[in-house]
Amino acid sequence: MRSRYPAQGSALEYYLWLFTRLSGVLMLFIGAFGIVYANLAGGRTLMDMPTQYRWAFFPIYWHVQNSDIPDVFPAWSNSFWQVYGMVFLFVAAVHGFNGLRIVVEDYVHRPFLLIFAKGLIFVLFLFTLIASAVIVFELFL
Amino acid sequence: MFQGRHVGYLEGLRYKGRENMLAWALHRITGLGILFFVGTHVIAAFFLNAIGDTISTALTVLYESTLTQIFVYFCVLYHALNGLRLIVEDFWPPLLRYHRELLWFQWLVFLPIFGLPAFLMLTSFLSGGAH
């Protein structure tokens, strides 16, 4: 597989190219930190494998609440994990929706359709961020 | 995006890129798979908690099924490993000399880490254990 090098002459494209790589590594560290913390904080004997995965992918207390962990509240539920989860989601959303844009650019050639598709991707990106902010910070309507 | 020459979609599939093309195609498919899963997951959680709509029940049944979970596990693991190899090759281009070995090494790491949990999930699913 040839690596994907950025289109020449576009600074934004270069920064997104760089961001995709750096955020890929960063997300691995975010997941690893969450899972190490959870096990050190007493989750080692309480969490089965699916729970470990769920906490690694999204460290919010209600993500593991069905897994019979007693007293999730003091160590597992505070604003640190809310901000941590939201940062994780933001990085993942930029990485993912930018990837979707690149795939769409490869297959859609008509200019008007391309603008429409990119607009739709941006709207989906914003909706995902707003929806996740609502459920992470519990800003229910 | 390449300029000038447009290759049709089916014509592109006939391109014989062997293991490189497989890695490229799987990276795209798994990336879109993760985006689809996380997207439905966020939207389902939003409709469940913030609005209390029944859309979320249907979406939850879809993404909590064993087959979806195995697919998502495949997507996440493959995308992470292939992405790591890609980053290593992009930032240390001399390693491209060992590109083919790296690809095979990647499959060597991927197959047991994916295969064992997938096998356990599938046997548990087929024997009527966890749904």
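The preceding data block contains the structure.
Predicted model, so just to flag it, every value in this text is computed and none were measured.

Definitions and limits used
Residues numbered from 1 in each chain as written. Chains lettered and ligands numbered in written order. Predicted model: local features only at pLDDT ≥ 70, side-chain atom pairs only at ≥ 80, totals over all residues. Heavy atoms only, no water. Salt bridge = Lys/Arg side-chain N within 4 Å of Asp/Glu carboxyl O. Helix = DSSP H or I, 4+ residues; strand = E, 2+ residues; numbered from the N terminus. Buried < 20%, exposed > 50% of the residue type's maximum accessible area, 1.4 Å probe, protein only. Contact = heavy atoms within 4.5 Å. Buried area = accessible area lost by both parts, 1.4 Å probe. Polar contact = N/O pair within 3.5 Å; in protein donor to acceptor, adjacent residues only side chain to side chain. Phe/Tyr/Trp six-rings, centres within 6.5 Å; stacked < 30°, edge-to-face > 60°. Core = buried A, V, L, I, M, F, W, Y, C linked by side-chain atoms within 4.5 Å.

Participant: What exactly am I supposed to notice about the pattern of salt bridges here?
Facilitator: Opposite charge on two side chains allows them to pair when their charged atoms are near. Scanning the entire structure with this criterion turns up seven salt bridges over all chains. B:Asp90 is paired through a salt bridge with A:Arg21; the nearest N and O atoms lie 2.6 Å apart. Taken together, the residues B:Asp90 in helix α4 (residues 66–91) and A:Arg21 in helix α1 (residues 11–43) connect one chain to another. On the basis of relative accessibility, which here comes to 9%, the residue A:Arg21 falls in the buried class. Note that B:Arg28 is salt-bridged to A:Asp106, the shortest N-O span being 2.6 Å. One end of the pair, B:Arg28, is in helix α2 (residues 18–51); the other, A:Asp106, is in helix α4 (residues 79–107), on a second chain. The exposure class assigned to A:Asp106 is buried, which follows from its relative accessible area of 13%. Several salt bridges converge on common partners, so that one network encompasses A:Glu13, A:Arg101, A:Glu105 and A:Lys118.

Participant: Got a minute to help me understand the interface of chain A and chain B in this structure?
Facilitator: How big an interface is tends to be reported as the loss of accessible area on association of its parts. Opposite the 33 residues of chain A that make contact, chain B presents 32 residues. Summed over both partners, the interface of chain A with chain B comes to about 2,900 Å²; 73% of that surface belongs to carbon and sulfur atoms. Across the contact surface, chain A and chain B share two salt bridges. Our count for the contact surface shared by chain A and chain B stands at two residue pairs in polar contact (both at pLDDT 80 or more).

Participant: Which parts of the structure should I look at to understand the packing of aromatic side chains?
Facilitator: For any pair of aromatic rings, the description consists of the separation of the ring centres together with the inter-plane angle of the planes. All names here are of chain A. According to the stated counting rule, one finds 25 aromatic pairs over all chains in the structure shown. Taken together, a centroid distance of 6.0 Å and an interplanar angle of 20° make the contact between Tyr 14 and Trp 17 stacked. Of this pair, Tyr 14 and Trp 17 both sit in helix α1, three residues apart, roughly one helical turn. Residue class for Tyr 14 comes out partly exposed when judged on its relative accessible area of 37%.

Participant: Mind showing me how you'd approach the nonpolar core here?
Facilitator: When a protein is soluble and globular, its nonpolar side chains tend to lie buried together. One finds A:Trp55, A:Trp76, A:Phe97, A:Leu100, A:Val104 and A:Phe125 to be the most contacted residues of the largest nonpolar core, which totals 29 residues. If you list the elements that add at least two residues to this core, you get α1, α4 and α5 (111–136) of chain A. Once residues within four sequence positions are removed from consideration, A:Phe97 is found in contact with A:Ile121, A:Leu124, A:Phe125, A:Thr128 and B:Leu35. Of all hydrophobic cores here, the second largest spans 11 residues; its members include B:Leu26, B:Tyr73, B:Phe110 and B:Phe114.

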